[in-house]
Amino acid sequence: MTAIAIPLAEPGPLTQARWAVSDTLTITRRNLLVWIRVPAYIAFTVIQPVIFVLMFRYVFGGAINVPGVPGGYVNFLIPGIIAQTAAFATFGTAIALAAELQKGVIDRLRSMPMARSAVLAGRLTADTIRMTVTILIVLGVGYAVGFRFQNGFWPAVGMIVLAIVFGVAICCIAAFTGLAIGDEESVQAFGLIWLFPLVFLSSAFVPIDTMPGWLQAFAKANPITVITGALRALCLGGPTTRPALEAVAWLAGLLAVTIPAAIARYRHATST
């Protein structure tokens, strides 16, 4: 008796989307468990920004004058620390993807019956959650050392959301570099080369007008200066429309470039 093969129906778009979301959440949970169970990850992502808050607040705060800022230097500092936290939190994205690519973890995950996008989407989702938790911790420490929102509840929420979106954009850059370089140590060195100067040569920690004239032009054009300016406007009050629109324009441009670049690099890395 001859067996008759019955062709299976192709799952519809909604079913495929539901499977992709489920797979992404599974990978997200895996990445968050790794973060919780490895003390080094917690130290880098949580303790480091807290150290920056305390160090700048109590070591440099008395020497940096910020006239016109309500609440003094601590209120000037915390939005900059939040921007720095959103940027530095993405450092782990590049390192983790490079390590998993180098060790063949991504290939093993891709060999499973799961959505191809789940590995990258799960990594970005987990790192966004991790970054959000870190930002909230930094705000809590900021409140403990004297920081206060001056502009009401909803601008404060807008400040946090803007910082998270900025972090997602930098996460996509980190994902691209981690997959492109593919070596954990090289990714760490590369991150130090471009990320640290970008953060410190901005208005995150000091007013731009205290810098040498030749450096002010770069600092003003620095996207972290633009984002920090919008965070401060939402936090401290005053004109907010123009800083917010400039920040949104920067973020829209970054996301329009970085998301397709990260996806293309991921497809290339998993197809070779």
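Data block above holds the structure.
Residues numbered from 1 in each chain as written. Predicted model: local features only at pLDDT ≥ 70, side-chain atom pairs only at ≥ 80, totals over all residues. Heavy atoms only, no water.

Participant: Sorry, what's going on with a nonpolar patch on the surface here?
Facilitator: Together, I47, I51, L54, M55, Y58, V59 and F60 line one region of the surface with nonpolar side chains, adding up to about 650 Å² of accessible area. One can find Y58 in helix α2 (residues 39-60). (Patch = residues over 30% accessible without salt bridge, like charges linked within 9 Å, V, L, I, M, F, W, Y side chains within 5 Å. Areas by Shrake-Rupley, 256 points an atom, 1.4 Å probe, with all protein chains shown as cover. Salt bridge = Lys/Arg side-chain N within 4 Å of Asp/Glu carboxyl O. Helix = DSSP H or I, 4+ residues; strand = E, 2+ residues; numbered from the N terminus.)

Participant: Even after reading the chapter, I still don't get the packing of helix α7 (residues 153-181) against helix α11 (residues 241-271), so can you show me in this structure?
Facilitator: Each packed pair of helices is defined by two parameters, the angle between the axes and the distance between the axes. Contact geometry for α7 and α11: axes closest at 8 Å, N-to-C directions at 30°. The orientation of α7 relative to α11 falls into the category roughly parallel. Note on packing geometry: the crossing formed by α7 with α11 is left-handed. Each of L162, V165, F166, V168, A169, C172, I173, A175, F176, L179 and A180 in α7 lies in contact with α11, whose residues at this interface are A247, L251, L254, L255, T258, I259, A261, A262, R265, Y266 and A269. Its residues assigned to classes, the contact of α7 with α11 shows 20 nonpolar, one polar and one charged. (Axes fitted to C-alpha atoms, helices over the stretch in contact; angles between N-to-C directions. Parallel < 35°, antiparallel > 145°, perpendicular 65-115°, else oblique. Left-handed = near helix turned anticlockwise from the far one by under 90°. Contact = heavy atoms within 4.5 Å. Nonpolar A, V, L, I, M, F, W, Y, C, P; charged D, E, K, R; others polar.)

Participant: Would you mind showing me how to read the environment of G178 here?
Facilitator: With respect to the helices, strands and loops of the structure, G178 is situated in helix α7. By relative accessible area, G178 is classed as buried at 0%. For the pair G178 and I95, spaced 83 residues apart in the sequence, the C-alpha separation amounts to 6.1 Å. Setting aside chain neighbours within four positions, we find G178 in contact with A94, A98 and V187. (Buried < 20%, exposed > 50% of the residue type's maximum accessible area, 1.4 Å probe, protein only.)

Participant: It is not clear to me how the packing of aromatic side chains should be interpreted in this structure. Could you clarify?
Facilitator: How two aromatic rings sit relative to each other is given by the distance of their centres and the angle of their planes. Per the stated rule, a full pass over the model turns up 12 aromatic pairs. A centroid spacing of 6.2 Å and a plane angle of 45° characterise the contact between Y143 and F149, whose relative ring orientation is tilted. For Y143, a relative accessible area of 36% puts it in the partly exposed group. Plain terms: the ring middles of F200 and F205 are 5.2 Å apart, the flat faces sit at 35° to each other, and that makes the pair tilted. What makes F200 partly exposed here is its relative accessible area of 32%. Ring-pair connections join several aromatic residues into one group, and the members of that group are F52, F56, F60, F88, F196, F200 and F205. Positioned above the aromatic ring of F76, the side-chain terminus of R232 is 3.5 Å from the ring centre. (Phe/Tyr/Trp six-rings, centres within 6.5 Å; stacked < 30°, edge-to-face > 60°. Lys NZ or Arg CZ within 6 Å of the ring centre and 35° of its normal.)

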